Amino acid sequence: MTRVGVFGWGIVAPQAPTVTDFARRLEQAPSWLSPFNGFGPDNFLVGTPAFDFAEYKPWLSSRFPPNRYRQLTEKMDWPTLYAIGAFVQALGQNPGIERLLHELGTACHVYIGSGLGNLHTISNATIALYHAQRKWDRFWADPARNAAYRAWLDGDWSPEEDAVPPEPGTVDAGERDEAETQWWRYWSERSDQLREFLARSREIEELTVEGPVDQGKISLIREKQRRLDRLLKDWGAPVPPWSSVSANVVWNIQNTPASQISMLGKITGLSFAPAGACSTFGLSLKLAMDAIDRGEVKAVVIGATDPPPHPLVVGAFYAARVISASGGVSKPLAGLRGTHVAGGAAIWIVGDLDHFTALGMRPLGMEPVAVGMSSDADHIITPSVDGPIAAIEAAFTHAGARADEIGTWDLHATATPGDYLEVENLRRLLPERVVVTARKGTFGHGMGPCGGWELTAQYLGFERGRLFPTPLAPGELNPEIAKLHTMFTFDSATGFPAGLAGKLNMGVGGINACVLSRPYRVPETGAQHPGGDR
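Below, the structure is looked at part by part. (Residues numbered from 1 in each chain as written. Predicted model: local features only at pLDDT ≥ 70, side-chain atom pairs only at ≥ 80, totals over all residues. Heavy atoms only, no water.)

### Some details on the sheet that holds strand 1 (residues 4-12)
Here five strands make up an open sheet; going across it, the order is 1-8-6-4-5 and the pairing mixed. The strands lining the two open edges of the sheet, one partner per strand, are strand 1 and strand 5 (271-272). Examined bridge by bridge, strand 4 (residues 108-113) and strand 5 share two bridges and lie parallel to one another. Note on strand 5: the bridge partner recorded for Val110 is Ser271. Running at roughly 130° to strand 1, helix 4 (residues 78-90) makes contact with strand 1, strand 4, strand 6 (299-306) and strand 8 (344-352) of the sheet. Seen against the sheet, helix 19 (residues 450-464) touches strand 1 and strand 8 and runs at an angle of roughly 115° to strand 1. (Pairing = 2+ DSSP bridges. Helix = DSSP H or I, 4+ residues; strand = E, 2+ residues; numbered from the N terminus. Contact = heavy atoms within 4.5 Å. Axes fitted to C-alpha atoms, helices over the stretch in contact; angles between N-to-C directions.)

Below, the structure is given as structure tokens:
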């Protein structure tokens, strides 16, 4: 199998806007979580990224026209901006790698996924559409523009009398908003003047391009908009609901982070968005390692990115009974009260190890040797026994490794009852001496990037010769979990054990990813590659 190395990484995480900040904060045990208050006052703690995209303006300005920065800030949602920032960071560890990725042409790919997508864009557009639609319906339902409604008010409405929804004033106050929506929609659909307006609008939209296409297209867009603006002015009408939706909904579809990185990095190979929920980072790494092994590519920019915590996500996690609402930090392996939503990004540049080191590039952290994946095919939230074990065994098989070679293991551990089953599964396969870590009490649960944060923490720890501390104190370990295993990294750093390092993520929907890693070795001598803090 072609060996793979990590040659760049970037992080955007709660209270850690760069991988340098991430490494520094990992040295400390306290949690990085903060109050949410997205519903007004509430009892949720979340992981809100510390991030300022303006920090990357000089990088953009040195490579693109001045309007590129403005375009990105006006059009892109947080997941894309986080991913861009992390990508720029990843270019910094090995000078010359930016040029190399471009020169590889189609032999460099980009796989950047997301667990949740561009929720802020969708949420804002939905709210804007809701208000615009209500305003639009009320305008055309006004008796001055609606012969049917005038007839109903005069008592002359009969053809559809039984179908008339209840008047808003006749329903309970708690249902009045929905009743108003149905009432005004019903009458606007029967507006004779709205039908006349739409007929004139169709005439405008039927205009076609004339003359040279490029110049004619621009002229046509401007002429249509001029006539539509005039039409609205003639009628005194509000903005139509279809015109109230931002085009950013299109610019922020699932593959946008990957496509923007391909454009900014001038990477002409395949770019797309793998989606594996909480296992997205492991999935992107597997796809990259497979493509490199096939000889299809020499390098892949991989990773995952998610928005900052949003009320839709916090509320959904709460309804799913997997989020803590106690106002305090819910630590994995402890009280099992639930997890904490977090946002940010983790981006790696991985490549053919021999190819890149021959060019003078220095590998980072550890060498990823195998990724095993599986599906539970059972429950959407609750992990199974067989699914995660299948992913772990697949990784062992692919790496040609044995369980007794594992020195340390990082859990998915979400501070839910699933932690017990995960540790129980682990002990079915691994010996008691394995030192186990669980880090979602530190930076929370980023649906997509959590695996990237946790792997990067593991790799950085190896470079520094220690396992970074976690917020969990020894006395907080859940007694039932303590019966299964006791070798955990608590709130003090420990030495990095010899042997292979393992990492498991278990995604919503039962998607499992297990990554096995080892120290880099120079083939001729078996000596370890020189490391160093980064």
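### A few points about the environment of Ile347
With respect to the helices, strands and loops of the structure, Ile347 is situated in strand 8. On the accessibility criterion, Ile347 (0% relative accessible area) is buried. For the pair Ile347 and Arg428, spaced 81 residues apart in sequence, the C-alpha to C-alpha distance is 32 Å. In contact with Ile347, not counting residues within four places along its chain, are Gly8, Trp9, Gly10, Ala83, Ala86, Phe87, Ala90, Ile112, Val301, Ile302, Gly303 and Ala304. (Buried < 20%, exposed > 50% of the residue type's maximum accessible area, 1.4 Å probe, protein only.)

### Brief notes about the pairing of strand 15 (residues 500-507)
For strand 15, the buried fraction is high: eight of the eight residues fall into the buried class. By the alternation rule, side chains of strand 15 split into Leu500, Gly502, Leu504 and Met506 and Ala501, Lys503, Asn505 and Gly507, which are all buried. By the bridge criterion, four bridges tie strand 10 (residues 406-410) to strand 15 in an arrangement that is parallel. Paired with Ile406 across the strands is Leu500, a residue of strand 15. Pairing between strand 15 and strand 16 (residues 511-518): seven bridges, direction antiparallel. Note that in strand 16 the partner of Lys503 across the bridge is Val515. Connecting the antiparallel pair strand 15 and strand 16 is a turn made up of three residues, with Gly509 showing a positive phi of about 95°.

### So, helix 1 (residues 19-26)
An α-helical segment advances 3.6 residues per turn. Residues three or four places apart therefore align on the same side. Counting buried positions along helix 1 gives six out of eight residues, so the element sits mostly inside the fold. Regarding helix 1, the residues found buried are Val19, Asp21, Phe22, Ala23, Arg25 and Leu26. Buried residues in helix 1 make contact with strand 1, helix 4, helix 18 (440-443) and helix 19.

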